[in-house]
Amino acid sequence: MFSYCGGSKMFPLRVTCFDHLCPRAPSTSSEGSCRPLRSSISAQVPDPTFISLKPMEITFPPFDRQAHIRGDKRTAPSALTVDKYVSQDLSQLAPSAEEMVRAMLIDLQMVNDMLLDQVQTGDSYREVACRWIQSNQEVWRSWLPDPTTCFAQFGLYHEKSGQYVADRGDPTDLSCKACLSGTYSHKLVDLQGLTFNCLPCPTGSAQPSGASLNCEQCQRGEYQDEPGSKACKRCGIGEYQDEEGQTGCKPCPPGTTTLGFGSKSAQECGCDVGSINSMEEEEAVMCVPCMEGLHCPFGSNLPDLRRGHSTLGEAYVPQLKKGFFATLEHPINVFKCGTESHCPGGQPNSCAEGRQVTPCSECPRGTSWVDETCAQCAAVTMVLWVLVVILFFVGLTMAYYLMNPEIRSIATPREAMGMSLSLTVAFLQCVAIMGLMTVKWPNSFQAVSLTSKPFMLDIEDFSFACLADGPTSVRYVSTILVFPAGILYLVWCYFASSRIPCCYNWSKKKMQNTVGHFIQVGFSTMSALALDPLMCYTHPNGQQSLLQHPGVLCGTQEHSMMMLAGFVLLFCGVFSFLAVCTLAVIKLPGWSVSSGTTVQSFAFLFTRFRPNRWWYGVPLLLRGPLLSFCVVAFTDFPPAQTTGGIVIILGFLLLQVMACPWKLPLLNVLDTWVFAHLLLLQSLTTSAASEEDQDLHFFQEARGGVRRSPWVYQHIHNQGNYVHAFNFHQSFQRQRLIIVSS
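Since this is a predicted model, take the numbers as computed values, not measurements. (Residues numbered from 1 in each chain as written. Predicted model: local features only at pLDDT ≥ 70, side-chain atom pairs only at ≥ 80, totals over all residues. Heavy atoms only, no water.)

Caption draft 1: Here's a closer look at empty space enclosed by the protein. For the structure on display, the rule yields five cavities of 30 Å³ or more. When its volume is computed, the largest cavity comes out at roughly 210 Å³. If you trace the largest cavity, you find 17 residues lining it, with Ala426, Gln429, Gln520, Ser524 and Leu620 closest to the centre. Counting residues per element, the ones that place at least two in the lining of the largest cavity are helix H9 (413-436), helix H14 (508-521), helix H15 (523-531) and helix H19 (617-633). Sorting elements by how many residues they give to the lining of the largest cavity places H9 first, with six residues. Its residues assigned to classes, the lining of the largest cavity comprises nine nonpolar, six polar and two charged. (1 Å grid on protein atoms, 1.4 Å probe; cavity = no way out; pocket = protein on both sides within 12 Å on 5 of 7 lines; lining within 4 Å. Points joined across faces, edges and corners; volume = space filled by probe spheres on them. Helix = DSSP H or I, 4+ residues; strand = E, 2+ residues; numbered from the N terminus. Nonpolar A, V, L, I, M, F, W, Y, C, P; charged D, E, K, R; others polar.)

As structure tokens, this is what we get:
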């Protein structure tokens, strides 16, 4: 209740009041009546009206509630206390003022004396209070706080030195000042009582704010090794901290690092870029360098590699690159695929549609690779292969009649067509052999080399597995049997023809010449097939596979079987035929004088060339095998393959230019022009793969330069003069060769 009484001045004070314990209607005047007003509590200006009567405190018996209910008002509560109320944040804003208010104490007699002084002098309350202060210094000086008695959030500060001090042994020039950032207010009890001083934050903690009562411990991922710090330091790269309030960070396990600063646990340590955790358990760590073909971002591990995703995000998923393969059981044991498109990369054990066998080298049994997928062998495929086999034997039969014309000094149109066809086949065989080199070719050349594969009996992409169903070694042996099968067929035809009327009998010499033509045309192919088991390229994991059959690992039993078959073909086919042809070239001048029929058996070897260049057939046989040998000797070193190819092609090109061996002059020009382009193409393979388009453009420009070069022009001009000036008959006479036709 708020009471307003006549002659008194009362001021409201907002304070919460509960029940009867609060004075709700004080009054000081006998005049009039009090009018109660609603209020929390009341405050009263001192009223000296009754001070001259020397009032005394009357003590009533203790308050009796039941008596009050019955109307007996002779009991009263005990004397009320005089409380002091201040703002709740005064201790923070002005702690000294609050301390003075707490210490201020005036007894009732002093108050009565001041009231009496006002009555007697008539002065204002302010003047009376000032006189009291001036005459009672010993009373109020005890109210003033000690300048060295600091409160919480403050500390002892020396004004002259500008430094915080730890004690107040010498109080001179000491005061209290709010603690700075990096320090905290610490309670200090000494002989003079309680005070506070500012201490630096210990290591492992920091305090960014001033006037603080404590320091904050460094969080996980942070540390502080210096006292009095405003902030904690973050753990560096390769470190972590999984505890609070630490003075240092823990190093990551050997070989691992962190993605950034402030790592909070050992789980944030991972293998660095280019390495992968080879342990199956994620808790254990053993980082190993990633092999070629394996993309390893930060934090790579086996589980992420197998499942194809990472908790760190898509950018941190380890995966195989395109053209490489690995099994789920050994995902970091990387194989290099023979054909890049067969291995899409990504997760281990990923192959193009339907392919299998490490590394994605074959289609399942009963299927073949058609239109970028493994398709079931269709009946029409088998029929087509049977037709191919039939056409092969029919072609051999026709060759007997087409490749044994009457020997002439001047090339007939049929001979010219045969020589052109022979030169084309030789060119395509060279292109196919160059396609075996593990170098980066322009896309246009790759397309040509793919179409040239059948000339090397590389027919895996033509559903050959549907005809020769079985392991790779069986298909390889089936392929090399083409040559003995063709030879045996011609020999069989020779003996079979003897049992039919004489007009259909085959001549032994012509049959031998046909066999020679057959082996000569396929000599480069035969040598490449024989050397095929020796072309082992190395996988990133150190194992080796056959270049043409990546599913066959070198050193295995299957590889040994293929090597045995290859050596038989090499010695019984390649070396034997080369030895026979070499002997024939040496003996040919004598045979031409003494035995014309013997010459007919080796007509395939010299009839395409000018009489004085009859020996050119043997060096020409070596071109394909030498190119194949470059692949065998330097399978894992593309630059060496390129260098070897350049040397071989350049050597044969120079020999061709100097010898001009072909009987048909135009073929000399064509042979020179074609292999000059092959030489140029070989030289372009030294360029970077990223410059492939520029290489191709340069090749096109250089090809035009070859056509316009003076050297080629002079060679063509000489060949034109040679057409008019060369006399084939006189040349035969000079070489004393007697060509006897059959």
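Let's pick the thread back up.
Caption draft 2: Focus on the packing of aromatic side chains. This structure, assessed with the given rule, holds 22 aromatic pairs. Relative to Tyr164, the ring of Tyr157 has its centre 5.0 Å away and its plane inclined at 65 degrees; by these criteria the two rings are edge-to-face. Here Tyr164 falls in the partly exposed class, since its relative accessible area comes to 23%. Here the aromatic cluster, defined as three or more aromatic residues joined through ring pairs, consists of Phe392, Phe393, Phe483, Tyr489, Trp492 and Phe518. (Phe/Tyr/Trp six-rings, centres within 6.5 Å; stacked < 30°, edge-to-face > 60°. Buried < 20%, exposed > 50% of the residue type's maximum accessible area, 1.4 Å probe, protein only.)

Caption draft 3: Structural context of a nonpolar patch on the surface. On the surface, Val380, Val383, Leu384, Val386, Leu387, Ile390, Val394, Met398, Leu402 and Met403 cluster together into a nonpolar patch covering about 860 Å² of accessible area. Checked against the element boundaries, Val380 lands in helix H8 (residues 379-402). (Patch = residues over 30% accessible without salt bridge, like charges linked within 9 Å, V, L, I, M, F, W, Y side chains within 5 Å. Areas by Shrake-Rupley, 256 points an atom, 1.4 Å probe, with all protein chains shown as cover. Salt bridge = Lys/Arg side-chain N within 4 Å of Asp/Glu carboxyl O.)

Caption draft 4: Spotlight on the sheet that holds strand S5 (residues 154-158). Across the sheet, which stays open at both edges, the three strands sit in the order S6-S5-S7 with antiparallel pairing between neighbours. Each end of this open sheet is capped by a strand with a single partner; those strands are strand S6 (163-164) and strand S7 (174-178). Where S5 meets S6, two bridges bridge the pair, whose relative direction is antiparallel. Bridge pairing links Tyr157 to Tyr164 in S6. (Pairing = 2+ DSSP bridges.)

Caption draft 5: Layout of H14. Its 14 residues give H14 an end-to-end C-alpha distance of 20 Å, which sits within 8% of 20 Å, the value for a rise of 1.5 Å per residue. Turning to H14, its buried residues are Met511, Asn513, Thr514, Val515, Gly516, His517, Phe518, Ile519 and Gln520. Its side-chain oxygen 3.4 Å from the backbone nitrogen of Lys509, Ser507 forms the N-cap of H14. (Expected span 1.5 Å × (residues − 1). Polar contact = N/O pair within 3.5 Å; in protein donor to acceptor, adjacent residues only side chain to side chain.)

Caption draft 6: Structural detail: the state of the cysteines. Across all of its chains, the model carries 13 disulfides by this definition. Paired through a disulfide, Cys252 and Cys269 show a sulfur-sulfur distance of 2.0 Å. Disulfide Cys252-Cys269: the torsion about the S-S bond is -65 degrees, which places it as left-handed. Of this pair, Cys252 sits in the loop between strand S15 (250-251) and strand S16 (256-258) while Cys269 sits in strand S17 (residues 269-271), and the two are 17 residues apart along the sequence. The class of Cys269 is buried, set by a relative accessible area of 10%. (Disulfide = S-S within 2.5 Å.)

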